[in-house]
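Chain by chain, the residues run as shown.
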Amino acid sequence: MYVKDRGEICPIYGTFNLFNRKWVIAITMDVFNGCTHFYDFKNNNPGLSNHILSKTLQFMELNGIIYKKVYEDRRESSEYYLTEKGKKLNTIMYDMLLYSLDELNFSSLNDEKKKELKNNYKKSLNIKEDECC
């Protein structure tokens, strides 16, 4: 639970605080797109250091967004998956896409390209018609 300066509880701030960490959105999208290994995340996010990636994965795990599956039979091998709590971020992320396309300056994208982006995100985020729009 997060508290504003005036002592009021603000649940929206709690979600914002989760996404306020620099690489959380990028890594969450990577997991939605099928990435599960440390170096998958590293390869998809140039400029992300091993140290920051490790800290971000730990943060996400501590906050119940992902879980780490460690394979005992493969030395130092583990995979990351979304928890049920993490999977519920799909509609929030899709709404952020819609807001960006509708309210931010994406004038370089024509309507067809915007529709294609929306469909691609729906697919990767596993959005069902009754969950959005």
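Since we're looking at a predicted model, the values are computed, not measured. Within each chain, residue numbers correspond to sequence positions counted from 1 in written order. The predicted nature of this model means local features are confined to residues of pLDDT at least 70 and side-chain atom pairs, given and counted, to a pLDDT of 80 or more, with totals for whole chains, interfaces and linings taken over all residues. Values shown for side chains rest on all heavy atoms present in the structure; no hydrogens or waters enter the calculation.

### Structural notes on the packing of aromatic side chains
Within 6.5 Å between ring centres, the rings of Phe, Tyr and Trp (the latter by its six-membered ring) count as paired, and their orientation is classed by plane angle as stacked under 30 degrees, edge-to-face over 60, tilted in between. All told, the structure shown has 3 aromatic pairs when counted by the stated rule. Centre to centre, the rings of Phe38 and Tyr39 are 5.2 Å apart; their planes meet at 75°, and the pair counts as edge-to-face. Only protein chains enter the accessibility calculation, which uses a 1.4 Å probe; a residue whose area is less than 20% of its type maximum is buried, one above 50% is exposed, and one in between is partly exposed. With a relative accessible area of 18%, Phe38 lands in the buried category. The ring of Phe59 is capped by Arg21, whose NZ or CZ atom sits 4.3 Å from the centre of that ring. Two limits define a charge over a ring: the Lys NZ or Arg CZ must be within 6 Å of the ring centre, and within 35 degrees of the ring normal.

### Some remarks on the side chain of Asn45
For Asn45, the location among the structural elements is in the loop between α3 (38-44) and α4 (50-62). Under the relative-accessibility criterion, Asn45 is labelled buried at 7%. Under this definition, polar contacts are N or O atom pairs within 3.5 Å; protein pairs additionally need one hydrogen-donor-capable and one acceptor-capable atom, and for neighbouring residues in sequence, both atoms have to be side-chain atoms. At a separation of 2.8 Å, a polar atom in the side chain of Asn45 contacts the side chain of Asp30. Residues are treated as being in contact if the distance between any of their heavy atoms lies within 4.5 Å. Look past the residues within four positions of Asn45 in its chain and what remains in contact with it is Trp23, Ala26 and Asp30. Counting from the N terminus, the helices are DSSP H or I runs at least four residues long and the strands are E runs at least two residues long.

### Observations concerning the packing of helix α2 (residues 24-32) against helix α6 (residues 90-103)
Axes here mean lines fitted to C-alpha atoms, for a helix over just the part in contact, with angles spanning 0 to 180 degrees between N-to-C directions. Where α2 contacts α6, the axes come no closer than 12 Å and their chain directions differ by 115°. Between α2 and α6, the angle falls in the class roughly perpendicular. Regarding α2 and α6, the two cross each other, and that crossing is left-handed. Residues Ile25, Thr28, Met29 and Phe32 of α2 touch α6, and the partners they reach there are Asn90, Met93 and Met96. Considered class by class, the residues forming the contact of α2 with α6 number 5 nonpolar, 2 polar and no charged. When describing relative orientation, an angle under 35 degrees is termed roughly parallel and one over 145 degrees roughly antiparallel, while 65 to 115 degrees is termed roughly perpendicular and anything else oblique. Note: crossing handedness is left-handed where the near helix turns anticlockwise from the far helix by less than a right angle, and right-handed where it turns clockwise. Under the scheme applied, nonpolar residues are Ala, Val, Leu, Ile, Met, Phe, Trp, Tyr, Cys and Pro; charged residues are Asp, Glu, Lys and Arg; polar residues are all the others, including Gly.

### Digging into the confidence of the model for the protein
Think of pLDDT as the predictor's per-residue confidence, scored from 0 to 100. Per-residue confidence for the protein gives a mean pLDDT of 87; residues scoring 70 or more make up 89%. Across the protein, α4 holds the top mean pLDDT of 96, while helix α1 (residues 11-19) sits lowest at 81.

### Describing the pattern of salt bridges
Salt bridge, as used here: a side-chain nitrogen of Lys or Arg that lies within 4 Å of a carboxyl oxygen of Asp or Glu. All told, the structure shown has 2 salt bridges when counted by the stated rule. Between Lys87 and Glu84 there is a salt bridge; the shortest N-O distance is 3.3 Å. Placement of the pair is Lys87 and Glu84 together in helix α5 (residues 84-87), with a separation of 3 residues, close to one helical turn. Assessed through its relative accessible area of 40%, Lys87 is described here as partly exposed. Between Glu116 and Lys113 there is a salt bridge; the shortest N-O distance is 3.7 Å. Placement of the pair is Glu116 and Lys113 together in helix α7 (residues 111-124), with a separation of 3 residues, close to one helical turn. Relative accessible area serves as the criterion here: at 35%, Lys113 is assigned to the partly exposed category.

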